[in-house]
Every structure is written in C-alpha cells, then in structure tokens.
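Here is what each chain is made of, one letter per residue.
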Amino acid sequence: MTKTKSNQTNKTNYVSTTNACKLCKPLGACIAFRGIENCVPYLHGSQGCATYMRRYIISHFREPIDIASSSLSEKHAVYGGGPNLKKGILNVMEKYEAKMVGIATTCLTETIGDDVPQFLYEFNEEFGDQGLPTLVNVATPSYSGTHMEGFHATVKAVIDQLVGKTDMNTIAIAPKTIIPNVNIIPGLVSPEDLRHLRDILEDFGIAGTILPDYSDTLDAPATDEYAKIPEGGTPVADIAQMHQAKATLEFGRVLAATGNTGGELLRDRHSVPHYALGLPIGLRECDRFFATLETTTGQPTPRKYTQRRGRLVDAYVDGHKYIFGKKAVVYGEEDLCVAITAFLAEIGVKPVLCASGGKSGHFQEAITAVTQELLREPPLVKEGFDFYEIAEEIEQLQPDLLIGTSKGYPLARKLQIPLLRVGFPIHDRFGGQRTLHLGYQGTQRLYDQLVNAVLEKKQADSPVGYGYL
Amino acid sequence: MTENYTPTSEQAAAQANETVMRSQSPVSPEQTTSTVEDIITAYPKKVAKKRAKHIVVRDGNEPTQEIQANARTTPGIITQRGCAFAGCKGVVVAPFGDCIHIVHGPVGCSYYSWLTRRNQFKPREEGQNFIHYCFTTDMNEHDIVFGGVGKLKTAIQEAYDTFHPKAITVHATCPVGLIGDDIQGAAKEMSDKLGISVMSFNCEGYKGVSQSAGHHIANNGIFKNWIGADQETEEIPGYTVNHEVRRTSC
Ligand code: SF4
Ligand code: SF4
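For clarity, every value in this text was computed on a predicted model and none was experimentally measured.

Examining the interface of chain A and chain B
At the interface, 56 residues of chain A touch 51 residues of chain B. Summing both sides of the interface, chain A and chain B together bury roughly 4,600 Å²; the carbon and sulfur share of this comes to 61%. Across the contact surface, chain A and chain B share one salt bridge. With a closest N to O distance of 2.8 Å, B:Asp138 and A:Lys22 form a salt bridge. For the pair chain A and chain B, the interface holds 19 residue pairs in polar contact (both at pLDDT 80 or more). Put simply, the parts of the chain that give the side of chain A that touches chain B at least two residues each are strand E1 (17–18), helix H2 (47–61), strand E3 (68–69), helix H3 (74–79), helix H4 (82–96), helix H5 (107–112) and helix H16 (387–397) of chain A. Of the residues in the side of chain A that touches chain B, the class split is 25 nonpolar, 21 polar and 10 charged.

Here we look at the sheet that holds strand E7 (residues 208–210) of chain A
The strands that make up a sheet pair up through hydrogen bonds in the backbone, lying either parallel or antiparallel. Residues and elements named next belong to chain A. Read across the open sheet, the four strands follow the order E7-E6-E8-E9; overall the sheet is parallel. With one partner strand each, in any of the chains shown, E7 and strand E9 (274–277) form the two edges of the open sheet. Strand-to-strand twist across the sheet, computed as the mean angle between neighbouring axes with direction ignored, equals 15°. Of the pairings in the sheet, the one linking strand E6 (residues 182–185) to E7 comprises three bridges and is parallel in character.

Concerning the site of ligand 2
Near ligand 2, the surroundings consist of A:Ser46, A:Gly48, A:Cys49, A:Tyr52, B:Cys83, B:Phe85, B:Cys109, B:Thr173, B:Cys174 and B:Gly205. Chain contributions to the surroundings of ligand 2 come from chains A and B. The cavity that encloses ligand 2 is the largest cavity. Here the shell around ligand 2 gets three residues from one element, more than from any other, and that element is H2(A).

So, the sheet that holds strand E14 (residues 419–421) of chain A
Residues and elements named next belong to chain A. As summarised here, the arrangement of the five strands in space is E12-E11-E10-E13-E14, forming an open sheet in which the pairing is parallel. Two strands bound the open sheet, and with one partner strand each, they are strand E12 (380–382) and E14. Pairwise comparison of adjacent strand axes, ignoring direction, gives a mean angle of 20° for this sheet. Helix-sheet contacts for helix H14 (residues 334–347) involve strand E10 (327–331), strand E11 (350–355) and strand E13 (401–404), and the interaxial angle to E10 is about 165°.

As for the domain arrangement of chain A
Residue and element names in this part refer to chain A. If you check the domain split of chain A, you get domain 1 (25–162), domain 2 (182–220 + 228–297) and domain 3 (305–461). The centre of domain 2, based on its C-alpha atoms, is set 24 Å off from the matching centre of domain 3. At the interface, 30 residues of domain 2 touch 36 residues of domain 3. The largest per-residue losses of area from domain 2 upon contact with domain 3 belong to Val254, Ile281 and Leu283, which jointly make up 25% of the total buried on that side.

Rules and cut-offs
Position numbers for residues start from 1 in each chain and track the written sequence from start to end. Just so you know, chain letters begin at A and ligand numbers begin at 1, following the order they were written in. With pLDDT at 70 or above as the cut-off, local features in this predicted model cover only qualifying residues; side-chain atom pairs require 80 or more to be listed or tallied, and sums for whole chains, interfaces and linings still use all residues. The basis for every side-chain value is the complete set of heavy atoms in the structure, and neither hydrogens nor water enter the calculation. Two residues qualify as a contact provided that any one of their heavy atoms is within 4.5 Å of a heavy atom in the partner residue. Accessible-area loss on putting two parts together, using a 1.4 Å probe and summing over both, is the definition of buried area adopted here. Criterion for a salt bridge: a side-chain nitrogen of Lys or Arg within 4 Å of a carboxyl oxygen of Asp or Glu. Polar contacts here mean pairs of N or O atoms no more than 3.5 Å apart (in protein, one a potential hydrogen donor and the other a potential acceptor; neighbouring residues in sequence count only if both atoms are side-chain atoms). The secondary structure listing takes helices from DSSP runs of H or I that are at least 4 residues long and strands from runs of E that are at least 2 residues long, numbered from the N terminus. In this classification, Asp, Glu, Lys and Arg are treated as charged, Ala, Val, Leu, Ile, Met, Phe, Trp, Tyr, Cys and Pro as nonpolar, and every other residue, Gly included, as polar. We call two strands paired when DSSP finds no fewer than two bridges between them. Only the stretch in contact is used when a helix axis is fitted, and all axes are lines through C-alpha atoms; the angle between N-to-C directions ranges over 0 to 180 degrees. Residues are classed as near a molecule or strand on a simple rule: at least one heavy atom within 4 Å of it. Only protein atoms enter the 1 Å grid, on which a cavity is a set of points fitting a 1.4 Å probe that cannot get out and a pocket is an open set with protein on both sides within 12 Å along at least 5 of 7 lines, lining residues being those with an atom within 4 Å of a point. In this description, a molecule resides in a pocket or cavity if more than half of its atoms sit within 2 Å of the grid points defining it. These domain boundaries are the output of an automatic or database domain assignment.

And the structure:
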C-alpha cells in the first residue's frame, strides 16, 4: 500500500467505494440455491456475472459450482431476455436433469425490467407437460443490497414459493413420513458449521430441516465419477413441509431486525413459532441457542454439549491472562460481526471497531444489544464502510488484531498484526469452507486461535524469543 | 490524448471485414480443408469433430467466414466465458498497477475483478503502486434511476485528490450502458479539469461473445490514447517486450 494520504484530521465522507467490504446480491442467491438438493443456480442476465461468481465461490470453497446463465447480449438487453431464459431452462433440464432451477436476476435484467415471474408463468403454460423441474425465482438487483441480502431474499423466496405446496404440476413432492421437528435457518455459515448443526440435531434425537444446507454440495468428498450436481442439499420435499415443524430457529440479529425474513413468513403464513437468535458464537449466544432447542424439543441438552460448554468456560479462564484488554477490529457481513463482537466482549478483548459494507440500518442496535452489559466503552460501529475507510479509522485505534475475511490481509500486513480469518471469502488460506464458527465447539476453536495469534505475535516481536509462555 | 475510442460492434465488424477483404488468401479451398484435417488428427474423434468448427484458414474470397469460436454462448450451458468487462478491466487494464481503475457500476463487477491472479505488477523504483486497490462507484438504486455520471465524476475527483495518479481509467458495466451514462464525456471533462489522462472504456459486459471483446476494446483504447503519447524516452534496463494481451482467461 503506497497511499499518500493528506494529513486531514476530519474524515471525508467518500462517495466512491475503495476496496469494498461486501459482495453482490446474486452471489448470495447462488450459494443459497446450491444448498437445495438437485438444484442448479441460474442467473438471468449476461454471462459475465455467472462466470465471475463461480470463480469467486470456488476460490473459497475449492469446489466446482455450476451456475447457468441466460447469456444475454446487446440485442437481448434491448428487446428483453424472456426467450433466452426459456431456452436456458430447457438446456439446464436437458444437460443436468435438475429437479430444481433457482433463478436469480442480475443488475442487467433488473435494469431493463424483465418480468421473470411472468416469463416463468408462460414457460409453465408452454412446457408444463414435460415434467418440469421446480422453478423458484428471486429478484436480486445488486444496486440495492449486498450478498447477504441476496442470500436471505433467496431463502425467503424458497419458503414463499415451496412451503405447503403439494400438487405442483412440476415435480412430485412426495410427502415424507418424518415430520421435521424444527427448522433451522442459519444464514451464510460454513459447510463445517452446517455439519455441526446437523450433528447437534442428531444428538438431540430430533429431525430437523436446515435451509439451505450446502455442507455436502459445496464441500463434497472426492468421487471416482464426476457428478454434475453433487449429492446433498435440503430436499425440496422437506422444504415443502417446513410448515409442519414445531418451531423455526433463525440466526442473525440484524436479519431479525429487518422484519422481513423466511422464518417470519413461516410464522405469519403457517403459524410456525419463530425464534430469532444471534449466530451461536460465544457462550451467551450459544446458551440461548441450546435453551431454545430444549424448549422446542422438550429434550435436555446432551451431556456432550454441556461438557463442551464447561471446557469452553475453563478455557476462557485459562486464556484470559494472555488476551484481556487487547483491541480488535471486526469487519465483514453484519450478522457475523455482531456474533464475533458478542464473543469478544465476553472474553475480555475490546472490540474497537465493527465495520461492514452492509447498510441494513440495524447494525448499531444489534451491536449495542450484545455489548451494552459487558463493555464499558462501546465499539465504533460503521455501516456501509469499505476497507479504505477502515484503514483511516484504524490509524487512531491501533488494534492488536483483525477478525474478518481474507480482504483484510493488506491491512494486517501493513500494521503487522495478526488476522483471524472468519466468514466468507477466505481465499488466502486453506480450508475456509471447513472453518467452524458455531456452537461451543466453534467458539472454542475461535478462542484457541485467537489466543495463539496473540502469543505468536508476542513471540515474534520478542528480541529473546521465549519458548515457554 | 484524451480522446476516447470504442468502436460499436458494427464498426468493429466492418473493420474486420475490410481487413479480411484486403488480405490475400494464404491457401486454396482444398488446402484449407486439408490443413484443418491435419490439425484435428491430433485430437480424439469426438473432440476433433467439435474442434474442426473452431479452426478456420482465412480465405480472401470469403469475407464473411464463420468461426464457431465467435458464436454466442447457448443460454443455460455453463460456460467458461466471461464478459467484455472482465476482458477489458479484469484482464488487460487492471495489471497497469500504477494508474487507478474505476469500475462504474454496482459493487459486484469490481469486487470479482479485484486483484485476481492475473493482476501481476512490479512497480518501478519510486513508482506508484495501486494494485491492491479496487475502486468502484458502487451504484445504488438512485444512480440507476437518475443516472450515475455525477457520481462517476466525484469518484474520479476523489481518486485524484487522494492518490494523485498519473492516469485514471473508467470501465462501464452492464447497467451503465443500459441507462446511457455518458462515461466518455465524463472522462473527457475530468481529464481536462485534472490535466491527466482519464480514459474510459465502454466495455459493458453484454458486448461481444466473451471476454475477448473486452480485450479488443482495451487494446484499442490503449493503442489509441497512450502508446506513443509520452514524449520522454526513458531507458528501461534489460530486455523489454511489448505484448498485446488477447484470448486469455480471467
Ligand atoms: S452486474 Fe450486478 S449482479 Fe453482475 S456482477 Fe455486477 S453487481 Fe453483481
Ligand atoms: S454485469 Fe456485466 S459487466 Fe458486470 S460482471 Fe456481469 S456481465 Fe460483466
């Protein structure tokens, strides 16, 4: 970084964005659609977006992801993309034998005002007798919102368009014998997180529907034969029955504050009790999660987890002397920032800045909610921030470590402080898709890493190089 | 120096046709067929059949020769192809690490072309280096509805005030072309105002069949506006090679 910043003291309010701290909406949609069984994500727009997003998703998950596209050209941009959309879906049906196609729009088709629901209606009329895949569509113009909003909008669209449906003329949704006990809507977490949630449900001895679940599709075992659509994902039949569940647990305090979520739709339309929780990271948020599971299922928390909880508390005590009072900057998508901040506040690390490219309008209140009882000095909370602004803000804050995505690396390098990589995207380290954040176990892992990062820095900076810390 | 050039696709096609017309056919039609057959023997049968359509020996008597590589992508087929923007900004222009590249559009297009593997750059001693940066106007709904030219000019001004680069480039993404933002005009105006080269590229992603359209748009702009524009002849030690980038992946 060779920026030569003028010595201004008053910070400028930039109109442009330099090194964004957010991605675009359809990317979130593609990841969410990938978490549904036999579903091919499809972008209605020009092909560049699909190629770029595929490449980007691969760099984090290190797993192929096919995203189809309408491949619109100049001509279609003028006359509308309907014919290409129909052709495209037919080709996906033929080449992939997909059971579902998840269609998201891009900036191009939103700008020209393509009416996708209408196109799909016509498509159904025209080809309805051919055994069509389930078609779900979501509007994802990136000029309003981030990848997170795209992700959540997709989950909501899936619930809106599939739950309670039995007689779709598209594919048969055979009702399952196992009625789900709970629905979990976890948000954009890692495949490892999703596996952990599945384990928790299993250990509680309950059937649950996790939407979406890309734990297998975006982190698949190597196979001899290449599968065009990898195994796994939430079955469409299960989604159609989500209204039968006893409760929905939905993660994300910022998401909850928007008052416009899939979980709320299930509550309002199908009377499924809705529990809005923070992402279960840190002792308190995890306790809330497990307590909610206990009330909704009537089962006690299995011993395995109470033991883990105990070990986590023990670790908090053991590690406190190394990390208390350290200052951290947290950045990335809003809900993950809130959860990480909640965790930092309870272990004695001072979050000094929480920054996100998102602009939900609820970031501050969510951070306040998780920190006000624990911190004497609240952190600075910045919405709609980019990395240039974070770098400016940091000059005075002098943090000891950064927590966030790979995009903070240049900053960490410049400041010579550790970067704890969490969330998406992680493309300068191996195993981003296997990063466990959730539960007592995920918290434990984060805690160990954090303490070790501090120790390593201390060791590296020491002229002596002590080996017994 | 500040004049910007981007041919429309018709112009580009006309130009290409003219070049083909003027050139001499290197081989007779019979030789053409046998040349292609020769080449494809190296492939397995199935691939050879497909590849044959991708190889054309130029024939001066046939100005409108078709080559499959120039066909549009079939919708719904997962393609490796990118977009004109990816070819222009992502592949050709971004690696010029000592000038600032502003992506005029919503956030995604810039994010995905931010410091990707192709962006290799070694600054000269004392030279500027912006390779770690990714600038965008990050258009929002208001900009799409009411136009983003004002925002673009502000972005150019901000980039200039903060970094004092010797040159700035501006790249259009799909929505920009659709709403008709005059980025050429904005670039010209800012270039006159700031006294540096501000070059704009109408590389909207929907142009052409793949990123290769963007390579052409980028190269045309660079050849037209930059190459030969510097009066000073600074000696660069060692061997240097001029290389026009084409047909690469992003
Ligand atoms: S045009 Fe929109 S959807 Fe496509 S990459 Fe850019 S921001 Fe994302
Ligand atoms: S919106 Fe257009 S310019 Fe941007 S990535 Fe998509 S195809 Fe390329």
